[in-house]
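# Commentary on secondary and tertiary structure
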Amino acid sequence: MSKRAGFVALIGEPNAGKSTLLNRMVGAKVSIVTHKVQTTRARIRGVALEDEAQIVFVDTPGIFRPKRRLDRAMVKSAWGGAADADLTVFLIEAHRGVTEGVDAIMNALKDLPKSKSVVLAINKIDRVQAEELLALTKSMNDAFNFVETFLISAEKGHGCDTLKTWLASKLPEGPWLYPEDQIADLPLRMLAAETTREKLTLRLHQELPYQLTVETEAWEERKDGSCKIDQLIYVMRDGHKGIVLGKKGETIKAISTQARAELEEFL
């Protein structure tokens, strides 16, 4: 069997489950997952192997109506991922159906070159009855010519192996793009920063919705095999510093402990 390799873009509304599906396909956590929308800011490439095929997933930011400059950049990044990929998977939530956002994405998909194959993946199928699912599948396929439709649960894994096998079979023949043991093309410094940002977002989602980012300042690998990582947390206002620190530094200590535990396991 000849080798195959190519790029698969995951697009959809915020919180549709793109990061969860990416992590499921790769078999490791390479993308930040929270219940907050718009937590994926960059195109994160996760690399999955399926027989002789290497699937490079591009996890794009959720597509929404942009208000701020950062939002506009995120949406531009999402469409860039779809335009550059060999295949595009459009992920929608079964229980939400055809929303205004889904309609907007469907209209934009029509502007993609005809040569671009778009797959429909209906996620969170465990939340609806079979009749609803069939009706949604029909209405979506009546509105756009998807090459294939998959019914999945990214969180529980239902249907994900079938989707992965199908994607692998449709990629162009050619040499693999990454080493066999590489699961993401994000530098480890950025993955470490994303891990800490996820913990901050989960802990402080009510006080600080999105106005923070994390930068890995220093990465020192020691002789005993351990690693010392220095990170800087940026907030929008001086008043936010106290929220991140918490009483007697309890919040920042808890976040540090959680991020450290996950990074130890990942690395």
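Structure first, text after, so check above.
These remarks concern the structure in this document. (Residues numbered from 1 in each chain as written. Predicted model: local features only at pLDDT ≥ 70, side-chain atom pairs only at ≥ 80, totals over all residues. Heavy atoms only, no water.)

## Considerations on the overall build of the protein chain
Tallying secondary structure elements over the protein chain gives eight helices and eight strands in all. Classification of the 267 residues of the protein chain by burial places 46% in the buried group. Across the protein chain, every contact between residues at least 6 apart in sequence was considered, and the portion connecting residues at least 24 apart equals 69%. Put simply, the protein chain shows about 14000 Å² of open surface, and 50% of that area lies on carbon and sulfur atoms. (Helix = DSSP H or I, 4+ residues; strand = E, 2+ residues; numbered from the N terminus. Buried < 20%, exposed > 50% of the residue type's maximum accessible area, 1.4 Å probe, protein only. Contact = heavy atoms within 4.5 Å. Areas by Shrake-Rupley, 256 points an atom, 1.4 Å probe, with all protein chains shown as cover.)

## Quick notes on the pairing of strand β7 (residues 212–221)
As paired elements, β7 and strand β8 (residues 227–235) share nine bridges and run antiparallel to each other. Across the sheet, residue Leu 212 finds its bridge partner in β8, namely Val 235. Between the end of β7 and the start of β8, which pair antiparallel, lie five residues, with Gly 225 showing a positive phi angle near 95°. (Pairing = 2+ DSSP bridges.)

## Re unusual backbone geometry
Even without being glycine, Asp 51 reaches a positive phi, approximately 55°. Mapped onto the fold, Asp 51 is located in the loop between β2 (44–50) and β3 (53–59). According to the relative accessible area criterion, Asp 51 is exposed, its value standing at 60%. One non-glycine residue with positive phi stands out, namely Lys 124, at about 60°. Its place among the elements puts Lys 124 in the loop between β5 (117–123) and α4 (130–143).

## Examining the pattern of salt bridges
For the coordinates displayed, the defined rule picks out twelve salt bridges. When the shortest N-O distance is used, the salt bridge between Lys 156 and Asp 126 registers 3.2 Å. Placement of Lys 156 in the loop between β6 (148–151) and α5 (160–170) and of Asp 126 in the loop between β5 and α4 is noted, with a sequence separation of 30 residues between them. In this structure Lys 156 comes out as exposed when scored by relative accessible area, which is 52%. Asp 126 gets classed as partly exposed once you look at its relative accessible area, which sits at 41%. For the salt bridge of Lys 241 with Asp 238, the shortest nitrogen-to-oxygen distance reads 3.3 Å. On the basis of relative accessible area, Lys 241 is assigned to the partly exposed category, the value being 47%. Under the relative-accessibility criterion, Asp 238 is labelled exposed at 62%. Linked through salt bridges whose partners overlap, the residues forming this network are Glu 13, Glu 93, Arg 96 and Lys 124. (Salt bridge = Lys/Arg side-chain N within 4 Å of Asp/Glu carboxyl O.)

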